[in-house]
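Understanding the architecture of this molecule
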Amino acid sequence: MTPPSARPEWQALQQHAATIQATHLRDLFASDATRGERLTAEAAGLYLDYSKQRVTDETLGKLVALAEAVGLREQIAAMFTGATLNNTEQRAVLHVALRAPRGAVIEVDGQNVVPEVYAVLDRMAQFVDQVRSGVWRGYTGKPIRNIVNIGIGGSDLGPAMAYDALRQYSARELTLRFISNVDATDFAEAVRDLEANETLFIVASKTFTTLETMANAQTARQWLLDRLGDKEAVARHFVAVSTNAKEVAAFGIDPANMFGFWDWVGGRYSMTSAIGLSTMLALGSGSYHAMLGGFRAMDDHFRSAPFAQNLPVLMGLLAVWYTSFMGAETQAVLPYDQYLRRFPAYLQQLTMESNGKRVRRDGAAVDYETGAIYWGEPGTNGQHSFYQLIHQGTKLIPCDFIGFCHSLNPVGQHHDLLMANMFAQAEALAFGKSAEAVAASGTPAWLVPHRTFPGNRPSSTILAERLTPASLGALIALYEHSVFTQSAVWGINAFDQWGVELGKVLAAQILPELSSNSEPTLNHDSSTNSLIRRYRAAQG
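Residues numbered from 1 in each chain as written. Predicted model: local features only at pLDDT ≥ 70, side-chain atom pairs only at ≥ 80, totals over all residues. Heavy atoms only, no water.

1. So, the overall build of the protein chain
Each helix and strand counted, the protein chain has 22 helices and 13 strands in total. Taking 2.2 N^0.38 as the reference for a compact globule, 540 residues should give roughly 24 Å; the C-alpha atoms of the protein chain span a radius of gyration of 25 Å, in line with that estimate. Projected onto its principal axes, the C-alpha positions of the protein chain cover 75 × 60 × 55 Å. Of the roughly 22,900 Å² that the protein chain leaves accessible, carbon and sulfur atoms contribute 51%. Here the protein chain contributes 44 positive and 52 negative side-chain charges, whose respective centroids are spaced 3 Å apart. (Helix = DSSP H or I, 4+ residues; strand = E, 2+ residues; numbered from the N terminus. Rg over C-alpha atoms; globule rule 2.2 N^0.38 Å. Areas by Shrake-Rupley, 256 points an atom, 1.4 Å probe, with all protein chains shown as cover. Lys, Arg positive; Asp, Glu negative; His and termini not counted. Charge placed at Lys NZ, Arg CZ, Asp CG, Glu CD.)

Below, the structure written as structure tokens:
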């Protein structure tokens, strides 16, 4: 496998980066009156303005040439046709099959998986209709009013984010809570004000053995039994999203109420699988399928659009540009919509668990930077905390601004004020305010350096008409495929996550050492041994 850094297209970008480092966005806009209209793209209801990125037409041409040289188009086709892209686990990567049209044909090992997908979706819809209509009742005959999703990672972040994002479209008579942290506080606060006989738990674990999820599930089971007093109640208040029918039945859940998924669905790409059961319960099957339609629209665009107009490809190549050639270490995602407050947290797993890799697909070490650190907070809150560093600090932090033309809660001028701030921040980051301009405003000379904004801070703006199930689906798919584009260029596997394993193994070893009645023999490093002993002493 040829390292991307050995390709002439990569080396051309390295040389070109030195030119761009000395070029200011003020000059790029001054020399091209149409730049703000030209460097845009639109698809699936999303409008992308990347004109405030530190790139020229030459930069973009060189990035596209690199994408073509590494076979990005062929890798996209391979994903959509069920090839084994996850080479370390020998699995296909087919989250796109979860939102394919009902009549599509997508094969894994010669078998069309789309009918299986729709069989699960149809079962989910039937169950959702029963719960929402009151046909499904709890053990004492009361209808379900509370839904508690128990999962972790992809089994939690996606559904929790989607519920927050689409709360305007949800059944407000239902209360949804999400438990993921093994810290008992998470469970205690989630159920503190809930009535057991009106509460349905969804236990989301593919193997039904995930340590944190099953610890919380067992606590939930005991909480229910303490209040309802009969093991038969479990079957009316628990359902499972899993593939392990034996363990599900042993827990007390009727396997008929188990919703499965497949090993070609990675956890962080699973929110449109049965993992989305809580989302469908909140939204209803109609709005849920509208969300799938948004995913599908972006999937189709990614698969077919020329790279120069392809939103996920453009965003992915820009991420490669800043991470591998311009020295940026982080990427800020700044949604100007309170409903998207969990979106940056969702992206943290999607991006960093996917592309936080130090070896290529062939096992050779990379000799370039991969996997930026993603973070963010909704506007305008972030403006009063970390924007100071982005504007006047020493770090290069590319930003994604996300906004909507129409508010779902129009009140007075609130939305105009919100969007004015978003547009203003992107403008201020790009163009700043020179020392000369600051001085001309009457600022004392000693204060001028403090009030100077260097500008040349890059950003993209993503704009949609309004936040809907469809636009959310398109937005998530946009970032999914941007992540894939980055991994294809870097030659890494975006679909395994071995980095989460070692800590799990060590935790399983340490757990009995913390609770042993006799003094355990400790074979860790001196720091860990000392911490364990101190903890045991505090426990008495």
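2. Details of the domain arrangement of the protein chain
Partitioning the protein chain into domains gives domain 1 (4-67 + 288-490), domain 2 (97-283) and domain 3 (504-539). With 29 residues of domain 1 at the contact, the number on the domain 2 side is 30 residues. Between domain 1 and domain 2, the buried area comes to about 2,600 Å², and carbon and sulfur atoms account for 62% of it. Partitioned by chemical class, the residues of the side of domain 1 that touches domain 2 number 17 nonpolar, six polar and six charged. (Domains from an automatic or database assignment. Contact = heavy atoms within 4.5 Å. Buried area = accessible area lost by both parts, 1.4 Å probe. Nonpolar A, V, L, I, M, F, W, Y, C, P; charged D, E, K, R; others polar.)

3. Concerning the packing of aromatic side chains
This model, assessed by the stated rule, comprises 20 aromatic pairs. Ring geometry for F238 against F251: centres 5.3 Å apart, planes inclined by 65°, an arrangement best described as edge-to-face. Residue F238 is found in strand β8 (residues 238-241), and its partner F251 is found in helix α11 (residues 245-251); the two are separated by 13 residues along the sequence. By the burial criterion, F238 is buried, and F251 matches it. Look at F343 and Y479: their rings are 5.7 Å apart centre to centre, the planes differ by 75°, and that puts the pair in the edge-to-face class. (Phe/Tyr/Trp six-rings, centres within 6.5 Å; stacked < 30°, edge-to-face > 60°. Buried < 20%, exposed > 50% of the residue type's maximum accessible area, 1.4 Å probe, protein only.)

4. With respect to the packing of helix α21 (residues 501-515) against helix α22 (residues 526-539)
The N-to-C vectors of α21 and α22 enclose an angle of 40°; their axes lie 9 Å apart at closest approach. Remark: the crossing between α21 and α22 carries right-handed chirality. Across from I510, E513, L514 and S515 in α21, the residues of α22 making contact are T528, I532, Y535 and R536. Here the contact of α21 with α22 is composed, by residue class, of four nonpolar, two polar and two charged. (Axes fitted to C-alpha atoms, helices over the stretch in contact; angles between N-to-C directions. Left-handed = near helix turned anticlockwise from the far one by under 90°.)

5. Regarding the nonpolar core
In this structure, W264, L277, W321, F343, L472 and Y479 are the most contacted members of the largest nonpolar core, which totals 130 residues. Two domains share this core, each providing at least three of its residues, namely domain 1 (4-67 + 288-490) and domain 2 (97-283). Residues within four places of L277 in sequence aside, it is in contact with M124, F127, V128, I202, V239, V241 and F259. (Core = buried A, V, L, I, M, F, W, Y, C linked by side-chain atoms within 4.5 Å.)

6. Comments concerning unusual backbone geometry
Following G379, the chain continues into T380 via a peptide bond in cis, with omega recorded as 10°. At Q90, a residue that is not glycine, the phi angle is positive and equals roughly 55°. The topology assignment puts Q90 in the loop between α5 (72-80) and β3 (107-108). Residue classification places Q90 among the exposed residues on the basis of a relative accessible area of 62%. Positive phi, close to 60°, is recorded for F208, a residue that is not glycine. Since its relative accessible area comes to 3%, F208 is described here as buried.

7. Section: the pattern of salt bridges
By the definition in use, this model includes 16 salt bridges. Of the charged contacts, one joins E480 and R99 as a salt bridge, the two residues approaching to 2.6 Å between their closest N and O atoms. One end of the pair, E480, is in helix α20 (residues 469-490); the other, R99, is in the loop between α5 and β3, with 381 residues separating them in the sequence. Grouping residues by exposure puts E480 and R99 together as buried. A salt bridge links D193 to R177, with the nearest nitrogen and oxygen atoms 3.0 Å apart. (Salt bridge = Lys/Arg side-chain N within 4 Å of Asp/Glu carboxyl O.)

8. Details of the UniProt feature "active site" (unreviewed entry) in the protein chain
The sites that UniProt annotates as "active site" (unreviewed entry) are E353, H384 and K504. Across 152 residues in sequence, these annotated residues place their C-alpha atoms as far as 37.4 Å from one another, rather than forming a single compact spot. On the accessibility criterion, E353 (21% relative accessible area) is partly exposed. Look past the residues within four positions of E353 in its chain and what remains in contact with it is R268, Q348, D496, Q497 and V500. For K504, a relative accessible area of 45% gives the class partly exposed. (UniProt positions renumbered as here; feature names shortened; annotations may be inferred.)

9. Let's talk about the side chain of S51
Mapped onto the elements of the fold, S51 is located in the loop between β2 (46-49) and α4 (57-69). When its relative accessible area of 1% is taken as the criterion, S51 is described as buried. Discounting residues that sit within four places of it in the chain, S51 has contacts with L25, F29, R35, G36 and L39.

10. A word on helix α7 (residues 157-165)
Counting buried positions over the nine residues of α7 gives nine, a clear majority of the element. Within the sequence span of α7, burial applies to L157, G158, P159, A160, M161, A162, Y163, D164 and A165. On its buried face, α7 is in contact with β6 (175-179), α12 (277-283), α15 (343-355) and α20.

11. A word on the sheet that holds β6
Reading across from one edge, β6-β5-β7-β8-β9 is the order of the five strands in this open sheet, with parallel pairing throughout. Edge strands, defined here as strands with exactly one partner in the open sheet, are β6 and β9 (258-259). (Pairing = 2+ DSSP bridges.)

12. Things to note about the sheet that holds β2
The strand order β1-β2-β13-β12-β10-β11 describes an open sheet built from six strands, whose pairing is mixed. Edge strands, defined here as strands with exactly one partner in the open sheet, are β1 (40-43) and β11 (373-375). Taken over all neighbouring pairs, the strand axes of this sheet differ in orientation by 15° on average, direction set aside. The sheet contact formed by β2 and strand β13 (residues 459-464) spans three bridges and is antiparallel. Directly across from Y47, in β13, lies its bridge partner L463.

13. Some thoughts on the pairing of β6
Both strand β5 (residues 146-150) and β6 contribute to a ladder of five bridges, which runs parallel. Note that in β6 the partner of I150 across the bridge is I179. One crossover worth recording links β5 to the parallel β6 by way of α7, and it is right-handed. (Right-handed = clockwise from strand over helix to strand, strands pointing away.)

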